[in-house]
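# Observations on the model geometry
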Amino acid sequence: MTLLGHLALWLAFLVGLWGAVTGFVGGLQGRTDLQQSARHAVFAMFGALVLATICLEVAIFRHDFNVEYVAAYTSRNLPTFYLWSALYAGQKGSLLFWATVLSLFAALAQLLTSGRHRAYLPFVAGVTCVVATFFVMVMLFAANPFERLAFTPVDGRGLNPQLQNPGMVFHPPMLYLGYISITIPFAFAIAALLSKKLDVDWLVATRKWTLVSWLFLAVGLLLGMWWAYVELGWGGYWAWDPVENAALLPWLVMTAFLHSVMVQEKRGMLKKWNLALIIGAWLLSIFGTFITRSGVISSVHSFTQSGVGYFFLVFLVVAAVGSFTLYATRLPLLEAEAKLESMVSREASFLFNNLLFIGIAFSVLWGTLFPILSELVQGTKVTVGPPFFNQVNIPLGLALLALTGIGPLIAWRRASLPNLRRQFAVPVATGVFVLLILLVAGMRDVGALMAIGLGGFVTATVIQEFARGARARHRQYAEPLALAAVRLLARNRRRYGGYIVHIGIVLLFVAFAGMAFKTETQATLRPGESATLRSPYGHLYTFTHLGISQYDALNRHVTAALVEIRRDGKPAGRLKTEKRQHVDGLGRPTFEPSTEVGIQSGLREDVYVVLGGLVNGTEQAVYRFTINPLVWWVWFGGYVLVVGGLIVLWPGGGPPAVRRTQAGYAVKLEAQR
Amino acid sequence: MSVSRRGFLAVLAGSLGAAVQDSLAGSGPSGKVWDPSRAGRPMAPTTAGDTDAAIQAIEKQLKCTCGCGLDIYTCRTTDFTCTYSPELHKQVLALAADGKTAQEIIDAFVAQYGQQALMAPPKRGFNLAGYFVPSLAVLVAGVFLVRTLRRWTRAAAGEAAAAPPPAAAARDASPAELERLRRELERLSG
């Protein structure tokens, strides 16, 4: 099977090269035979890569430990659930996963793009074939997943214990899907540049793709945060690690794009900016891949260092130079169709929103690369950790939160003073009211005060928008208010789904602010002994160590500690925290012992218990107890954000938009019922 | 004899509780666990220095050398598997016991491990660029954006002034009607 897989990779490589050449030549010369051939090449490449993936999965499930990748990332006793995830647990397998998913997206783009956007497709086929072929080339020449060993081990090394977590099964593919799917809007952008069809058509053709990318990246980031929280044991969910940052960068740029693209669709402005953003987002996705796989910056998440980093660096530089050179040659064709009429307008607020998104992205990129820069300039390697990122990004993040509320309140084109007064009165009063309540309650942390106060402001803007829209429907169609609100959402999913995303963002910010108040302690307890810890809400928690038990599970020896929790003297449940020693099929230890934390999650606070270890092999245990406020709201905010994104993405939403041209700019009128 | 589901669960919970109680050592010293080697690295009992807020504050400024990217305090208490951070913690405790101030302890670490021992670079020399370039960039971009927007709005105003007179229907509309039309268009365009 591995020979077949290897041959499938070569087939994908050759077909990909053919698809790239025929796509570009066919598109530029208008030759339909070549265009058709490029389209077929995309499908053939997808087929070949699916075959290669099946071959690797078969090797994994057959425990063919003669295959180096299978021996390195699986073992006989690895649960089936995690055998699936072994496909992308290592460098080589994840490259294959990436190429296969990209070829799937490329094929879907060919199949799903509507007839009126067909002019772009040959170029889209060319770009997607170039990118996918690059990944196949890396596998063939530097990281072959089908490489065989000179001997066959009795058992494999197994999967890293920290990857044996449901979050880690879904987090990487979600993030990959986000990274990979950016290639499609990028391909359409390059197609628009090459074909000189630079109106809004390419944006319309890729609207769903950009949302899909953004949503996958968001889900991937949230799942990564959840995994870090439940698995790593430090009680946090974001550490500004370079690999985390690399995943955040394209998401920030895509979010900026999703806002600014509305200005181009409604007013025919920001054409240059939007193209630059989508090219930048894609380059950042490749940059993230380079960071993760090159070992150029130390990170706990990185794959093993290997030579593939050089491939990615060269590809990144060539792609950046190529894309922006093409972009520069088309600048004269990208003039705006309308002029900005007022500084106080929705268009201007979106531009400031973009400034902050890109500002945050730049500061994250700057902080991530600063250690390398420092070494180059002053010969000294420095560490840029959370204190740096928090200092720079918290003020920018708060300003962005404020704009999240301000943007929707300002009218398109020009906002009048009475209009501003009417729009801002209730939200500003709400924000100030929330702030006063917090101050009276004794909160003094400036960051938290700002985050929660602004959260109140933004929430009020969203409620006000829903209330006004629902009241208008109620008056016009005599619908009950609740039904009117639902129909309002259903008829204009993009706008009101976007508002729900804003609510998700508010919840995330408020929850992040909660972490400023976490409390923790460390204690060594004999069975029956207790430690106490006061929560930020003033509750006194008592943790009683009940005892230690040891038992075997499928692929690990477990040492479990049981803790009884009392809150203000009343029983509040029990938590189990474990030390795990993973073993292979022969009972040999495979990795260093790992820790499983015990978490009791609540709306107000999480109780987080970590077993540090045992003293002299006795039942006397070392614990860390932490009370993390508002963490539940991070996950809930994430759900809300994703639900909002899905609403925006959902097809339909009323009759087709009627396009009108008035006074030199396009105004889209949504037919009202 | 019929037993309700709730009763059965109560009995089961009681039995489990009793089983847990049976495993307790009671008033005597704790016994050894079955296989201590399965429980990870043996730990020393927690000392006052381990939970000292001042020590934690120092350790939160110093990076662990294990490659995790975390500070010493977070690393040594994350899952208690790191072997580097406990040694670095001991070093901090020893320096504190020698009467060194927080800054002297941090300086000692920088002298031994270099600037990368710090979780954030010191604010001097080239490092200042690290701190201020992002804010400056946003500021400069903000000023540029405001100036560009002003230029655009002035150009739009100039074009509007030079434009031919509006059609008769629009000329006949009152300001109130025009404002109403604008609001309607705004509402419809979402």
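Throughout, a residue's number is its position along its own chain's written sequence, starting from 1. Chains carry letters from A onward and ligands carry numbers from 1 onward, assigned in written order. With pLDDT at 70 or above as the cut-off, local features in this predicted model cover only qualifying residues; side-chain atom pairs require 80 or more to be listed or tallied, and sums for whole chains, interfaces and linings still use all residues.

## Concerning the overall build of chain A
For clarity, the cut-off: A run of H or I in DSSP counts as a helix once it spans at least four residues, and a run of E counts as a strand once it spans at least two, with each numbered from the N terminus. We compute the radius of gyration from the C-alpha atoms alone; for a globule the expected value is 2.2 Å times N to the 0.38, where N is the number of residues. The burial label depends on the number of other C-beta atoms within 10 Å of a residue's C-beta. Counts of 20 or more mean buried, 12 or fewer mean exposed, and intermediate counts mean partly exposed, with C-beta atoms placed from the backbone. By the convention adopted here, residues make contact when the C-beta atoms placed from their backbones lie within 7 Å.
The helix and strand tally for chain A stands at 19 helices and 11 strands. In terms of overall size, chain A behaves like a compact globule, its C-alpha atoms giving a radius of gyration of 27 Å where 673 residues would be expected to give roughly 26 Å. Here chain A holds 673 residues, and 55% of them are scored as buried. When contacts within chain A are restricted to residue pairs at least 6 apart in sequence, long-range pairs at least 24 apart make up 73% of them.

## Examining the overall build of chain B
Broken down by element type, chain B carries 9 helices and 0 strands. Helices and strands in chain B line up, N terminus first, as α-α-α-α-α-α-α-α-α. Look at the contacts in chain B between residues 6 or more apart in sequence, and 35% of them connect residues 24 or more apart.

## Thoughts on the nonpolar core
Generally speaking, nonpolar side chains in soluble globular proteins are found buried as a group. Residues and elements named next belong to chain A. Quick reminder of the rule: As used here, a nonpolar core is made of buried Ala, Val, Leu, Ile, Met, Phe, Trp, Tyr and Cys residues. They are joined through C-beta atoms within 7 Å.
Counting 218 residues, the largest nonpolar core has Met45 and Val253 as the members making the most contacts within it. It is helix α9 (residues 201-232) that provides the largest number of residues to this core, a total of 21 residues. Sequence-distant contacts of Val253, defined by excluding residues within four places in its chain, comprise Leu277, Gly280, Ala281, Leu284, Ile358 and Ala361.

## Some thoughts on the sheet that holds strand β4 (residues 556-567) of chain A
Residue and element names in this part refer to chain A. Operational definition: For two strands to be treated as a pair, DSSP must find at least two bridges joining them. Here an angle of 0 to 180 degrees is reported between the N-to-C directions of two axes, which are lines fitted to C-alpha atoms, with helices fitted over the stretch in contact.
The strand order β2-β3-β4-β5-β6 describes an open sheet built from 5 strands, whose pairing is antiparallel. Because the sheet does not close on itself, it has two edges, and the strands there are β2 (530-534) and β6 (594-596). For this sheet, the mean angle separating the axes of adjacent strands, direction not counted, is 30°. The pairing of strand β5 (residues 570-582) with β6 spans 3 bridges and is antiparallel. From the neighbouring strand, Glu578 faces β6, where its bridge partner is Glu596.

## What to know about the domain arrangement of chain B
The parts lose accessible area when they come together, and the size of an interface is often stated as this lost area. Which entries qualify depends on this criterion: Domain extents, as shown, originate in an automatic or database domain assignment.
Assigned domains within chain B: domain 1 (49-117) and domain 2 (122-154). Each of domain 1 of chain B and domain 2 of chain B was reduced to a C-alpha centroid, and the two centroids are 35 Å apart.

## Comments concerning the confidence of the model for chain A
It should be kept in mind that the predicted coordinates are not to be read in detail where pLDDT is low. Worth spelling out the cut-off: By definition, pLDDT measures how confident the predictor is in each residue, and it falls between 0 and 100.
With 95% of its residues at a pLDDT of at least 70, chain A reaches an overall mean of 90. The low-confidence segment residues 655-673 of chain A (pLDDT under 50) makes 33 contacts with residues lying over four places distant or belonging to another chain.

## Topic: the interface of chain A and chain B
Rule in force here: Throughout this entry, Asp, Glu, Lys and Arg are counted as charged residues, while Ala, Val, Leu, Ile, Met, Phe, Trp, Tyr, Cys and Pro are counted as nonpolar. The remaining residues, Gly among them, count as polar.
At the junction of the two partners, chain A supplies 77 residues and chain B supplies 64 residues. Element by element, the count of residues in the side of chain A that touches chain B is highest for helix α13 (residues 346-378) of chain A, at 11 residues. The residue inventory of the side of chain A that touches chain B, partitioned by class, reads 33 nonpolar, 31 polar and 13 charged.

## Observations concerning the packing of helix α2 (residues 32-61) of chain A against helix α6 (residues 121-141) of chain A
Residues and elements named next belong to chain A. Inclusion rule: Handedness of each helix crossing follows the sense of rotation of the near helix against the far helix: counterclockwise by less than a right angle gives left-handed, clockwise gives right-handed.
Contact geometry for α2 and α6: axes closest at 9 Å, N-to-C directions at 40°. In the crossing of α2 with α6, the sense of the turn from one axis to the other is left-handed. Contacts between α2 and α6 involve Gln35, Ala38, Arg39, Ala41, Val42 and Met45 from the former and Leu121, Pro122, Ala125, Gly126, Thr128, Cys129 and Ala132 from the latter. Split into classes, the residues belonging to the contact of α2 with α6 amount to 9 nonpolar, 3 polar and 1 charged.

## Describing the domain arrangement of chain A
Residue and element names in this part refer to chain A. Taken domain by domain, chain A holds domain 1 (1-159), domain 2 (414-516 + 634-669) and domain 3 (518-632). Of note, the centres of domain 1 and domain 3, computed from C-alpha atoms alone, are 43 Å apart. Across the contact, 9 residues belong to domain 1 and 7 residues belong to domain 3. Residues that form the side of domain 1 that touches domain 3 fall into these classes: 3 nonpolar, 3 polar and 3 charged.

## Things to note about the sheet that holds strand β8 (residues 605-614) of chain A
Residue and element names in this part refer to chain A. Spatially, 4 strands are ordered β1-β9-β8-β7 in an open sheet, and the strand pairing comes out antiparallel. The two strands at the open ends of the sheet, each matched to only one other strand, are β1 (519-525) and β7 (598-600). Going across the sheet, the axis of each strand differs from the next one's by a mean of 15°, ignoring polarity. Direction of pairing for β8 relative to strand β9 (residues 621-629): antiparallel, over a ladder of 9 bridges.

## Some words on the packing of helix α8 (residues 183-195) of chain A against α9(A)
Residue and element names in this part refer to chain A. Going by this rule: An angle below 35 degrees is treated as roughly parallel, one above 145 as roughly antiparallel, one from 65 to 115 as roughly perpendicular, and anything else as oblique.
Orientation of α8 relative to α9, taken along the N-to-C sense of each, is 160°, at an axis distance of 8 Å. Put simply, α8 runs roughly antiparallel to α9. Crossing angle aside, the handedness with which α8 passes α9 is left-handed. Contacts between α8 and α9 involve Ile184, Pro185, Phe188, Ala189, Ala191 and Ala192 on the former and, on the latter, Trp202, Ala205, Thr206, Trp209, Thr210 and Ser213. Class assignment for the residues of the contact of α8 with α9 results in 9 nonpolar, 3 polar and no charged.

## Observations concerning the pairing of β4(A)
Residue and element names in this part refer to chain A. The pairing of strand β3 (residues 540-553) with β4 spans 12 bridges and is classified as antiparallel. Pairing of Ile548 across the sheet is with Ala561, part of β4. Where β3 folds back on β4, the antiparallel hairpin that results is connected by 2 residues. Looking at chain direction, β4 and β5 are connected through 11 bridges and run antiparallel. When the sheet's bridge partners are listed, Ala561 is paired in β5 with Thr577. Between β4 and β5, which pair antiparallel and follow one another directly, the connecting turn spans 2 residues, one of which, Asp568, has a positive phi of 50°.

## Some remarks on the environment of A:Val230
All names here are of chain A. If you trace the backbone, Val230 turns up in helix α9. A count of 17 C-beta atoms within 10 Å places Val230 in the partly exposed class. Between the C-alpha atom of Val230 and that of Val610, which follows or precedes it by 380 residues, the distance is 11 Å. Once you skip the residues sitting within four places of it in the chain, Val230 turns out to touch Gly167, Val597 and Ile599.

## So, the pairing of β2(A)
All names here are of chain A. Looking at chain direction, β2 and β3 are connected through 5 bridges and run antiparallel. The residue of β3 that forms the bridge with Ser530 is Thr544. Remark: 5 residues form the turn of the hairpin made by β2 and β3, two consecutive strands paired antiparallel; Gly538 in that turn has positive phi of roughly 95°.

## Details of the confidence of the model for chain B
Residues and elements named next belong to chain B. Confidence in the prediction for chain B averages 79 pLDDT; 76% of positions are at 70 or higher. Of all the helices and strands in chain B, helix α1 (residues 5-23) carries the lowest mean pLDDT, 49, while helix α6 (residues 102-113) carries the highest, 95. Throughout residues 15-29 the model reports pLDDT below 50, and contacts reaching past four residues in sequence, or to other chains, amount to 13 contacts. Reported confidence for the predicted complex is 0.81 by ipTM and 0.87 by pTM.

## Things to note about helix α7 (residues 127-162) of chain B
Worth spelling out the cut-off: How far a helix is expected to stretch is found by multiplying one less than its residue total by 1.5 Å. At every residue, the bend is computed as the angle between two fitted axes, covering the seven residues ending there and the seven beginning there respectively.
A rise of 1.5 Å per residue sets the reference length of α7(B), with its 36 residues, at 52 Å; its end C-alpha atoms lie 52 Å apart and thus fit the reference within 8%. Taking the largest bend as the criterion, α7(B) deviates by roughly 40°, centred on B:Val133, and proline B:Pro134 comes between one and four positions later. Every buried residue of α7(B) is listed here: B:Asn127, B:Gly130, B:Pro134, B:Val138 and B:Trp152. Each element contacted by the buried residues of α7(B) is listed here: α13 and α14 (386-409) of chain A.

## Remarks on the environment of B:Gln103
Residues and elements named next belong to chain B. Examined against the element boundaries, Gln103 turns out to sit in helix α6. With 10 C-beta atoms packed within 10 Å, Gln103 lands in the exposed category. Separated by 45 residues in sequence, Gln103 and Ile58 place their C-alpha atoms 8.3 Å apart.

## Some thoughts on the environment of A:Leu222
Tracing the sequence through the fold places A:Leu222 in helix α9. For the pair A:Leu222 and A:Ala59, spaced 163 residues apart in sequence, the C-alpha separation works out to 31 Å.

## As for unusual backbone geometry
Residue and element names in this part refer to chain A. If you check the backbone angles, Leu270 has positive phi at about 65° while not being a glycine. Along the chain, Leu270 falls in the loop between α10 (242-267) and α11 (271-294). Leu270 gets classed as buried once you count the C-beta atoms within 10 Å, which come to 23. Notably, Asn616 is not glycine yet its phi reads approximately 55°, a positive angle. Summarising the element assignment, Asn616 is placed in the loop between β8 and β9. Since 12 C-beta atoms lie within 10 Å of it, Asn616 is described here as exposed.

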